[in-house]
Amino acid sequence: MVVRETDVGIEAFLGDHQGFTAILKHRYSDFIVHEVRLDGSVVKLDNLQEPERHIPDKQEAWKCLKEILSEETVTQLSRILVANEIESLKLPTEDDKQRRKSIHDALKAFPVSTETTTNGDGSKSIVLFTKKSRGDDLSGSVNRKRRRNTDFPKGAYTSFILYKENTDTNEAISRMSAMLRTSPKHFFFAGTKDKRAVTSQEMRIKGFGPSRLAALNKGLRSGQIAVGNFSTAQLSEPLLLGHLSGNHFTILLRGVDESTTPATISKAVRSLKEAGFINYFGLQRFGGGCNPTHKVGIQLLAGNIRKAVEMILEPLDPSLGDPNASINPKRAETNKALAEYLAGKISALDAVEKIPQWMNVERAILSSYAQKGAEKDHRRAFGALPYTLRLMYMHAVQSYIWNNMATARVKEGRLDFAEEGDLVYDDGGGDSETNPEASEQDDKVVRSVRKVTAEEAGAN
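Moving on to the overall build of the protein. Looking only at helices and strands, the protein features 15 helices and 13 strands. For the protein, the residues scored as buried account for 39% of the 460 residues in total. For the protein, the exposed surface amounts to about 26700 Å²; the carbon and sulfur share of it is 49%.

Where helix α1 (residues 58-68) meets helix α2 (residues 71-81), the closest approach of the two axes is 10 Å, and the angle between their N-to-C directions is 150 degrees. Seen from α1, the contacting residues are W62, L65 and K66; seen from α2, they are V74, L77, S78 and L81. Within the contact of α1 with α2, the residues separate by chemical class into 5 nonpolar, 1 polar and 1 charged.

Grouped together as the largest cluster of nonpolar side chains are 47 residues, with contacts concentrated most on F160, M176, I365, L366 and L385. With 6 residues, helix α8 (residues 305-313) is the single largest residue contributor to this core. The residues contacting I365, other than those within four sequence positions of it, are V309, I312, L313, A381 and L385. Core analysis: the second largest hydrophobic core is formed by 20 residues, W62, I80, L107 and A109 among them.

Glancing now at the sheet that holds strand β4 (residues 112-118). Sheet architecture is open: 3 strands sit in the order β3-β5-β4, paired in antiparallel fashion. Strands at the two margins of the open sheet, each flanked by one partner only, are β3 (88-90) and β4. Across this sheet, the average inter-strand angle for adjacent strands is 20 degrees, counted without regard to direction. Here β4 runs beside strand β5 (residues 124-130); their pairing, made up of 7 bridges, is antiparallel. Each bridged residue has a counterpart across the sheet, and for V112 the counterpart in β5 is T130. Packed onto the sheet, α2 meets β3, β4 and β5 and runs at close to 30 degrees relative to β5. Packing of helix α3 (residues 97-107) onto the sheet brings it into contact with β4 and β5, and relative to β4 it is tilted by some 160 degrees.

With that settled, consider helix α4 (residues 169-180). Along its 12 residues, α4 runs 17 Å from first to last C-alpha, staying within 8% of the 16 Å computed at 1.5 Å per residue. Of all 12 residues in α4, 9 are buried; the element is thus mostly enclosed. Taken as a whole, α4 has its buried residues at T169, N170, E171, A172, I173, S174, M176, S177 and L180. Between a side-chain oxygen at the N-terminus of α4 and the backbone nitrogen of N170 the separation is 2.9 Å; the capping residue is D168. In the segment just after α4, R181 is the residue with positive phi, at about 55 degrees.

This part is about the confidence of the model for the protein. Summing up the model confidence of the protein, the mean pLDDT is 85 and the portion of residues at 70 or higher is 87%. Overall, residues 432-445 carries pLDDT values under 50, and its contacts beyond four positions in sequence, including any with other chains, amount to 19 contacts.

The next subject is the packing of aromatic side chains. One pass over the full model with this rule turns up 5 aromatic pairs. Ring plane angle 70 degrees and centroid distance 5.6 Å describe the contact between W62 and F110, whose orientation is recorded as edge-to-face. Note that W62 is positioned in helix α1 and F110 in the loop between α3 and β4, a separation of 48 residues in sequence. Take W62 and F110: they sit in the same class, and that class is buried. Both rings, one in Y341 and one in Y369, keep their centres 6.1 Å apart while their planes meet at 35 degrees; by these two values the pair is tilted. Separated by 28 residues along the polypeptide, Y341 in helix α9 (residues 329-342) and Y369 in helix α11 (residues 360-370) bring together distant segments of the chain. Using a relative accessible area of 15% as the deciding quantity, one classes Y341 as buried. Looking at Y369, the relative accessible area reads 4%, which means it is buried.

The rules behind the values
- Residues numbered from 1 in each chain as written.
- Predicted model: local features only at pLDDT ≥ 70, side-chain atom pairs only at ≥ 80, totals over all residues.
- Heavy atoms only, no water.
- Helix = DSSP H or I, 4+ residues; strand = E, 2+ residues; numbered from the N terminus.
- Buried < 20%, exposed > 50% of the residue type's maximum accessible area, 1.4 Å probe, protein only.
- Areas by Shrake-Rupley, 256 points an atom, 1.4 Å probe, with all protein chains shown as cover.
- Axes fitted to C-alpha atoms, helices over the stretch in contact; angles between N-to-C directions.
- Contact = heavy atoms within 4.5 Å.
- Nonpolar A, V, L, I, M, F, W, Y, C, P; charged D, E, K, R; others polar.
- Core = buried A, V, L, I, M, F, W, Y, C linked by side-chain atoms within 4.5 Å.
- Pairing = 2+ DSSP bridges.
- Expected span 1.5 Å × (residues − 1).
- Polar contact = N/O pair within 3.5 Å; in protein donor to acceptor, adjacent residues only side chain to side chain.
- pLDDT = per-residue confidence, 0-100.
- Phe/Tyr/Trp six-rings, centres within 6.5 Å; stacked < 30°, edge-to-face > 60°.

See below:
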């Protein structure tokens, strides 16, 4: 299905001036988006370098370790740090988080990797091993797989800026997660950005530090995706959807009709400045798949999880929007695999093998179905998607309702005054309701909102 503005409630205009037609996003560089944080600062990528880290010299490190650890443990440490007699070592239990951090920091002076592991009784220990070590399982809880991020706490978050050109937000996340060998679920952001555009937005990732993120730039598509402006602080909270002030747009319109006069354009611009515009949720909120995201969300709200998942998997036919559109052979093969799976002709395991890596949504669902005993576990399949994506289907329903309500208010001429039940910014009068999620953001300016009462509406 090709989603048009009228399909999602975008039907009204505020100005009464003569309009004009033009081409929007003729080139993706015609549409530039910078996210605006809650504190009003504009997100811009201007530094690709990893922040400098303080690495203690060995003399300083040994002094710190001797102050924290027992003499016996220090002797064992010398076997791996000095004599190279062993390749791995598990330190005694240490449940003090600050002391563990001090040990980790001191060991950065040596050519070893470290990680904190949880013992069977719930206590914490530090395991260190040399670069050539394969990381044998010393504790029963240390992952035997290749350690990929031992220099950063698993529960901490790093903030960074994602810059992308002509790339979908989820596609960019899929590429980064594949390079880091982690799940897309570990990425958090305040909102998706247009695909056909040049966009900059803040993100947070769980369990990875600046050094690993900075290395991504070598493998990401040159000039199209980049990351930088890494935070030096280890953050304790993710970035949640909606935790932004807005977006700053720079837009270039091309192909303005030749009959359009400068006076017409001037009137339109003046109307925009004086009357404003209806703050509709744009088409990108409703996705670019076969089925709009709000329709998937409606199925979820109705409890039809199987139907919702099937709608997500349904392949997109580009000829629906353009009869002359061509489809490349790889995409045709992918569409065929999805259609055959939905028709019950092939298994989920067979289908996922034919889906490219960048289609992380479809792969996550099919991989879940491919697990033994989970062939019909639709709730689990939907749960395999990143939390932010699952939430976006619900947000799309809210956006659809908002668009239609806004259109109705405009068409009925009910814009001059707030009505009972409307949400307005609190000016200090009346009972306010602060957004509980936003209020948890430290160092952010949070404005309270409240409902308009019947008495206030009647006084207008």
